[in-house]
Amino acid sequence: MMSVSNMKEDQSQQYDDFKKVLLDKGSLHFLIHTMCTAESKVIYVSEGLVDFLGYSSKELIGQSLSILREFQDPYSDHLGSALRCGHELVTDVVNKGRDGTQHAAKVHLIPIPDSQGFVPLFAQIFDHHSSLQPHELDAAAHDISARLQAHLNGYSRITLRETRLLSRIPHCKAYVVADASLPDCPLVWCSTPFYDICGYTAAECIGRNCRFLQGADTDQMEVARLRESVQALTPVSSCLLNYRSDGSTFWNHIYMLPVLLPPRPEDPPGCEAVRRGGGAYFVATQYDVTRFVERATALLVEGGRAFERDPDMVAELQALDEMQRDINSGIRDILHEAAAAA
Ligand SMILES: Cc1cc2nc3c(=O)[nH]c(=O)nc-3n(C[C@H](O)[C@H](O)[C@H](O)COP(=O)(O)O)c2cc1C
């Protein structure tokens with residue numbers, strides 16, 4: 001039987017893991033709670049929410065959700081029926097602070113289904129200051145739900161150990177990891193700067209092939225080069241026109257590197273990873289090079305071979321290429337390290 005101290009250790013490990021996965025930086029007010037028990041139990045509270053309500057996270061974790069609500073029966077209102085049905089809902093609530101103060105808020109309730117479609121967890125994201133636009137609250141809720149789903153259900157072989165290791169990579173760089181063992185090579189991990197560059201949220205990226213960044217004016221020859229490399233599991237770098245979520249364009253310099261891993265004991269016999277002799281990821285670094293491309297175009301208009309006429313630009317592009325290679329091989333080493341330790 002699990003001892004109380006083990007349970008506490010597990011809870012605090014889970015709290016630390018959620019904090020990393022959810023990129024909780026303290027500004028957003030949200031909590032994660034279970035639906036597995038008769039009463040909804042709080043399993044994560046954001047730093048912003050504990051500060052605002054005057055609790056410590058220890059006082060809330062493991063408590064019934066009703067600690068924050070004036071009413072005793074959490075199923076007696078709109079929120080209660082959405083919880084029961086596993087539905088998403090935006091409504092009004094009143095949260096009770098530690099000193100008894102009532103704080104009205106808009107809440108976005110979002111289910112976090114497991115791989116079988118059951119809803120063991122919910123996230124509640126609050127706007128206590130009416131400072132968020134509806135689409136911002138919506139985006140925050142979907143981002144949290146997608147991150148937790150990816151973390152808990154594993155869209156791929158990426159495990160908690162790997163996500164922990166990946167979070168060591170400098171967070172100022174845009175990079176993604178796709179699982180080449182899964183059909184259509186979906187994204188399984190994206191760094192925050194990647195979301196910043198393209199304007200999409202985790203919910204819109206995780207589980208999808210990265211071609212959603214391409215559009216009408218993307219060079220199909222470059223796309224074909226990428227396709228061949230993904231099929232052949234070979235490295236490739238490319239510069240192509242990509243589209244942000246708002247439809248604006250940017251020139252994306254990507255460098256992609258395959259990472260081949262040995263099969264794991266838990267891989268089902270006959271699965272793609274085992275047939276290939278191991279799992280395969282693709283790691284890619286993205287860099288917005290719009291200003292280089294604009295400069296090169298201007299030089300071309302002036303006549304002559306653009307890059308050779310601007311040594312600074314040549315040096316910068318070389319440095320960029322090296323930086324992308326370094327990051328990619330750093331990520332590759334991390335994935336190998338995690339596989340070896342599994
Ligand atoms: C890890 C990874 C990252 C990728 N990043 C991008 C990207 O940032 N922009 C892009 O246009 N394509 C990107 N691609 C390429 C597309 O996902 C896809 O492989 C390409 O469009 C060729 O396949 P298709 O012809 O089936 O679309 C990436 C692919 C992988 C595997």
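The rules behind the values
- In this convention, every chain numbers its residues from 1, walking through the sequence in written order.
- Totals for whole chains, interfaces and linings use all residues, but because this is a predicted model, local features are given only for residues with pLDDT of at least 70 and pairs of side-chain atoms are given and counted only at 80 or more.
- Side-chain numbers come from the whole structure's heavy atoms, not from hydrogens or water.
- Strands here mean DSSP runs of E at least two residues long; helices mean DSSP runs of H or I at least four residues long; both are numbered from the N terminus.
- Exposure classes here rest on a 1.4 Å probe applied to the protein chains alone. A residue is buried below 20% of its type maximum, exposed above 50%, and partly exposed in between.
- Working rule for contacts: check all heavy atoms of both residues, and any pair within 4.5 Å makes them a contact.
- Working definition of accessibility: Shrake-Rupley area with a 1.4 Å probe, residue cover restricted to the visible protein chains.
- Polar contacts, as used here, are pairs of N or O atoms within 3.5 Å; protein pairs need one atom able to donate a hydrogen and one able to accept it. Residues neighboring in sequence count only if both atoms are side-chain atoms.
- Any residue with at least one heavy atom within 4 Å of a molecule or strand is counted as near it.
- When residues are grouped by polarity, Ala, Val, Leu, Ile, Met, Phe, Trp, Tyr, Cys and Pro land in nonpolar, Asp, Glu, Lys and Arg in charged, and all others, Gly among them, in polar.
- Any two rings among Phe, Tyr and Trp, with Trp reduced to its six-membered ring, count as a pair given centres within 6.5 Å; such a pair is stacked if its planes are under 30 degrees apart, edge-to-face if over 60, and tilted if neither.
- Definition used: whenever NZ (Lys) or CZ (Arg) falls within 6 Å of the ring centre and also within 35 degrees of the ring normal, the charge is taken to sit over that ring.
- Definition used in this section: a nonpolar core is a set of buried Ala, Val, Leu, Ile, Met, Phe, Trp, Tyr and Cys residues joined via side-chain atoms within 4.5 Å.
- Throughout, disulfides are identified as pairs of cysteine sulfur atoms within 2.5 Å of each other.
- How far a helix is expected to stretch is found by multiplying one less than its residue total by 1.5 Å.

A.B. asks: Can you explain the overall build of the protein? Please cite residues and give values.
C.D. replies: When helices and strands are counted, the protein shows 12 helices and 10 strands. Among the 342 residues that make up the protein, the fraction classed as buried is 46%. A separation of at least 24 residues holds for 54% of the contacts in the protein among residues at least 6 apart in sequence. Accessible surface, the protein: about 17,000 Å² in total, of which carbon and sulfur atoms supply 54%.

A.B. asks: Give me the side chain of Gln 124: which residues, what numbers.
C.D. replies: Residue placement: Gln 124 occurs in strand E5 (residues 121-127). We classify Gln 124 as buried; its relative accessible area is 0%. One polar contact links Gln 124 to His 33, side chain to side chain, over a distance of 2.9 Å. Every residue in contact with Gln 124, bar those within four places of it in the chain, is listed here: His 29, Phe 30, Leu 31, His 33, Leu 65, Arg 69, Leu 79, Val 107, His 108 and Leu 109.

A.B. asks: Describe the site of the ligand, and please don't skip the residues or the numbers.
C.D. replies: In the vicinity of the ligand lie 20 residues, with Asn 209, Arg 211, Gln 214, Arg 227 and Asn 242 positioned nearest. With respect to the ligand, the side chain of Asn 252 contributes an N or O atom lying 3.0 Å from an oxygen atom. Coverage of the ligand by the protein amounts to 92% of the 620 Å² it exposes when considered alone. Mapped by element, the contributors of at least two residues to the shell around the ligand are strand E6 (174-179), helix H9 (220-232), strand E8 (236-243), strand E9 (249-261) and strand E10 (279-288). Top element by residues in the shell around the ligand is H9. It accounts for 4 residues. Among the residues making up the shell around the ligand, the classes are represented as 13 nonpolar, 5 polar and 2 charged.

A.B. asks: Explain the side chain of Ser 229 to me, using residue names and the numbers behind them.
C.D. replies: Positionally, Ser 229 belongs in helix H9. You can call Ser 229 buried: its relative accessible area is 7%. Sequence-distant contacts of Ser 229, defined by excluding residues within four places in its chain, comprise Thr 234, Pro 235, Val 236 and Phe 282.

A.B. asks: I'd like to hear about the packing of aromatic side chains, residue by residue, with values.
C.D. replies: This model, assessed by the stated rule, comprises 4 aromatic pairs. Plain terms: the ring middles of Phe 18 and Tyr 44 are 6.3 Å apart, the flat faces sit at 50° to each other, and that makes the pair tilted. With a gap of 26 residues between them, Phe 18 in helix H1 (residues 4-21) and Tyr 44 in strand E2 (residues 42-45) connect regions that are remote in the sequence. With respect to class, Phe 18 is no different from Tyr 44; both count as buried. A ring pair is formed by Tyr 200 and Phe 212, whose centres lie 5.0 Å apart and whose planes are at 80°; its orientation type is edge-to-face. One end of the pair, Tyr 200, is in the loop between helix H7 (192-198) and helix H8 (202-205); the other, Phe 212, is in the loop between H8 and H9, with 12 residues separating them in the sequence. Like Tyr 200, the residue Phe 212 is buried in the burial classification. The rings of Phe 18, Phe 30 and Tyr 44 are connected pair by pair, giving a single aromatic cluster. Lying over the aromatic face of Phe 292, Arg 291 brings its terminal NZ or CZ to 4.6 Å of the ring centre.

A.B. asks: Quick rundown of the nonpolar core? Include the residues and the values.
C.D. replies: Core analysis: the biggest nonpolar cluster contains 38 residues, and Leu 22, Ile 32, Val 45 and Ile 125 have the highest contact counts within it. Listing elements by their share of this core, those giving two or more residues are H1, strand E1 (29-34), E2, helix H2 (47-53), helix H4 (78-85), strand E4 (102-112), E5 and helix H5 (134-154). Leu 22 has contacts with Phe 30, Ile 32, Tyr 44, Ile 144, Arg 147 and Leu 148, leaving out every residue within four places of it along the chain. Core analysis: the second largest hydrophobic core is formed by 28 residues, Ala 174, Ala 180, Tyr 200 and Ile 206 among them.

A.B. asks: Please set out the state of the cysteines residue by residue, giving values where relevant.
C.D. replies: For the structure shown, the criterion picks out 0 disulfides. Between Cys 198, a cysteine without a disulfide, and Cys 205, which holds the nearest cysteine sulfur, the sulfur-to-sulfur distance is 4.7 Å. A relative accessible area of 0% places Cys 198 in the buried class.

A.B. asks: Kindly report on H9, identifying the contributing residues and their values.
C.D. replies: Taking 1.5 Å of rise per residue, 13 residues should cover 18 Å, and H9 covers 18 Å from first to last C-alpha, within 8% of that figure. Buried within H9 are the following residues: Glu 222, Val 223, Ala 224, Leu 226 and Ser 229. N-capping of H9 is provided by Asp 219, with a side-chain oxygen placed 2.9 Å from the backbone N of Met 221. A positive backbone phi angle near 55° is found at Leu 233, which sits one or two residues after H9.

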